[in-house]
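Below are the chains, spelled out letter by letter.
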Amino acid sequence: MKKLSFPHPMVILLAFVVLSWIASFLIPSGIYSRELDPKTGREVVLQGSYEQIEKENISLQELIVSIPEGIILGSDILVLILLLGGAFYVVEKTGALQAGVESLIYKFRNQKQLLLIFLSLGFAFAGATIAMQEEIIAMVPVLVVLARNLKFDIKAIIGLTLGSSLLGSGFSPINPFNSLIGQQLAELELSEGLLYRMIFFFLGFVLWTWLMIRSGRPKVQQQELEVLPGQAIGWRKGLILILSLGGIVVMGYGITQYDWGYNEMSSLFFVIGVSCGLIGKLGINGTARTYAAGFSEMIFAGVIVGLARSVYLVLEKGKIIDTVIYGLFSPLEALPEQFAVVGLFVSQALIHIPVPSTSGQNVLTIPLAVPLMDLLGISRQLAVLATQYASGLMDILSPTNGGMMAVIAAAGVKYNDWIRFVIKSWLFVAGVCLLSLIIALIWFQ
């Protein structure tokens, strides 16, 4: 009898699309009234305005059409994944990537743990400032090479990069898509609670990094591997590496200073990819062929991101997202403040599954959570913290997070293997989040 295998990532997301469709028949349709918030320029939900509406049933045809519609909605990210991924594929084929990784490992030959800490710190900072996630998809070839050369579990390397970035975003006091928009919606000063957030950002980073390094070590003691001396990289490969790393720095600067979108990032790395191919002596045709091969490597990751959008699209068409939020938030009003805060955290974690957009979740739920905090006599900071922690943590686990699903798929890691690897560490960090929320009841009195 053939052993059943765990579902493919595409099967998982298609199953969520179908489950969302079924839920649209079982859950009443309802909406909150919304108004434009002049501070954020976004529509926000009005407290107490929820009302049920006539059932919005989605036909089978609409369900099927939602699949390509979701991919089209994520087309900007898909293009970024293709162009950025193609660029890194070209860099890899020039040999510069392998040479750079080997040189780096040789320099840290006696301090590999320090190298992994720096890796985690860099991605945590990227997550804290620019919410880096989809951009990591194209870096997977680099991560695979690094894991192979370090003889380290690729899942731990993903944890130290993607995981650190997601947690950096979840704990950050300055993330524009999470904490800052949450502070604005809660009508709080952007600097309020900065010290408190920094303390738990540091605690969360240290704990996560230690757990990932500890989990990624080989379970069986191996003989010390011979580390070959780093070879001279040469000016061509050196220039390619400078262009590649410089592109990441320029991308971060463009996002923070010039409000760059996906199109600007895509065009930047298209130029870098072509330039690196020519510098690496691949030739014009060779660079084009290599870039096209990079597209084929990354197209599935882009489709995964689009399918995650389809889940939200079906729920939105069925008008049940507001009903789910209303059902989760209403019971919290009758709870003591400690339980209400924990309940808010759990509710926000559950909401993040059908609403994988961090900024979207803030806009949907903060205007509802703030009056709840006021009613219970709790600082509004708790509403922001609970939302921020929950979304950052759930991004590591939720199959509706297309970025995470695409990264592990590109790395050849099965979803069930990823969950099995990361869940214990995730629970420890979730405990830190709950501890922070309980202490915050006293801190922000």
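Residues numbered from 1 in each chain as written. Predicted model: local features only at pLDDT ≥ 70, side-chain atom pairs only at ≥ 80, totals over all residues. Heavy atoms only, no water.

- The protein chain appears in an unreviewed UniProt entry as YfcC family protein from Algoriphagus marincola.
- The record held by UniProt for the protein chain lists under Subcellular location (unreviewed entry) the comment "Cell membrane". (UniProt positions renumbered as here; feature names shortened; annotations may be inferred.)

### Focus: unusual backbone geometry
Line of reasoning, step 1. Despite not being glycine, K151 shows a phi value in the positive range, around 55°.
Line of reasoning, step 2. Assignment of secondary structure puts K151 in the loop between α6 (140-150) and α7 (154-171).
Line of reasoning, step 3. We classify K151 as partly exposed; its relative accessible area is 45%.
Line of reasoning, step 4. The backbone of E187 shows a phi angle near 60°, a positive value even though the residue is not glycine.
Line of reasoning, step 5. Here E187 is to be found in the loop between α8 (179-185) and α9 (194-216).
Line of reasoning, step 6. Overall, the relative accessible area of 58% leaves E187 in the exposed class. (Helix = DSSP H or I, 4+ residues; strand = E, 2+ residues; numbered from the N terminus. Buried < 20%, exposed > 50% of the residue type's maximum accessible area, 1.4 Å probe, protein only.)

### Here's the deal with the packing of helix α11 (residues 262-279) against helix α12 (residues 283-317)
Line of reasoning, step 1. Running from N to C, α11 and α12 point in directions that differ by 130°, and their axes come no closer than 8 Å. One finds that α11 runs oblique with respect to α12. Regarding α11 and α12, the two cross each other, and that crossing is right-handed. Where α11 abuts α12, its residues F269, F270, G273, V274, G277 and L278 lie against G283, I284, T287 and Y291.
Line of reasoning, step 2. Residues belonging to the contact of α11 with α12 are distributed by class as follows: 6 nonpolar, 4 polar and no charged. (Axes fitted to C-alpha atoms, helices over the stretch in contact; angles between N-to-C directions. Parallel < 35°, antiparallel > 145°, perpendicular 65-115°, else oblique. Left-handed = near helix turned anticlockwise from the far one by under 90°. Contact = heavy atoms within 4.5 Å. Nonpolar A, V, L, I, M, F, W, Y, C, P; charged D, E, K, R; others polar.)

### Describing the packing of aromatic side chains
Given two aromatic rings, their pairing is described by the distance between the two centres and the angle made by the two planes.
Line of reasoning, step 1. This structure, assessed with the given rule, holds 13 aromatic pairs.
Line of reasoning, step 2. Pairing F108 with F118 gives two aromatic rings, centres 6.3 Å apart and planes at 80°, and the pair type is edge-to-face. You can see F108 sitting in the loop between α4 (96-107) and α5 (112-130) and its partner F118 sitting in helix α5, a full 10 residues away along the chain.
Line of reasoning, step 3. F108 gets classed as buried once you look at its relative accessible area, which sits at 18%.
Line of reasoning, step 4. A relative accessible area of 46% means that F118 is categorised as partly exposed.
Line of reasoning, step 5. Geometrically, the ring pair formed by F270 and Y291 is tilted, given 5.7 Å between the ring centres and 45° between the ring planes. Separated by 21 residues along the polypeptide, F270 in helix α11 and Y291 in helix α12 bring together distant segments of the chain.
Line of reasoning, step 6. What makes F270 partly exposed here is its relative accessible area of 40%. (Phe/Tyr/Trp six-rings, centres within 6.5 Å; stacked < 30°, edge-to-face > 60°.)

### Some points on the environment of F177
Line of reasoning, step 1. Inspection of the secondary structure puts F177 in the loop between α7 and α8.
Line of reasoning, step 2. It is 6.6 Å that separates the C-alpha atoms of F177 and T358, two residues lying 181 residues apart in sequence.

### Things to note about the side chain of Q361
Line of reasoning, step 1. Note that Q361 resides in helix α15 (residues 358-376).
Line of reasoning, step 2. Among the residues examined, Q361 registers a relative accessible area of 0% and is labelled buried.
Line of reasoning, step 3. Setting aside chain neighbours within four positions, we find Q361 in contact with Q348, I351, H352, V355, I366, T387 and S391.

### Here we look at the confidence of the model for the protein chain
Line of reasoning, step 1. Averaged over every residue, the pLDDT of the protein chain is 85; the share at 70 or more is 95%.
Line of reasoning, step 2. Here strand β3 (residues 42-45) stands out as the least confident element of the protein chain, with mean pLDDT 74; helix α18 (residues 415-443) is the most confident, with 95. (pLDDT = per-residue confidence, 0-100.)

### Concerning the environment of N149
Line of reasoning, step 1. Among the secondary structure elements, N149 is positioned in helix α6.
Line of reasoning, step 2. Using a relative accessible area of 23% as the deciding quantity, one classes N149 as partly exposed.
Line of reasoning, step 3. Setting aside residues up to four positions removed in sequence, N149 forms contacts with Q98, V101, E102 and I105.
Line of reasoning, step 4. One polar contact links the side chain of N149 to the main-chain carbonyl oxygen of V145, over a distance of 2.7 Å. (Polar contact = N/O pair within 3.5 Å; in protein donor to acceptor, adjacent residues only side chain to side chain.)

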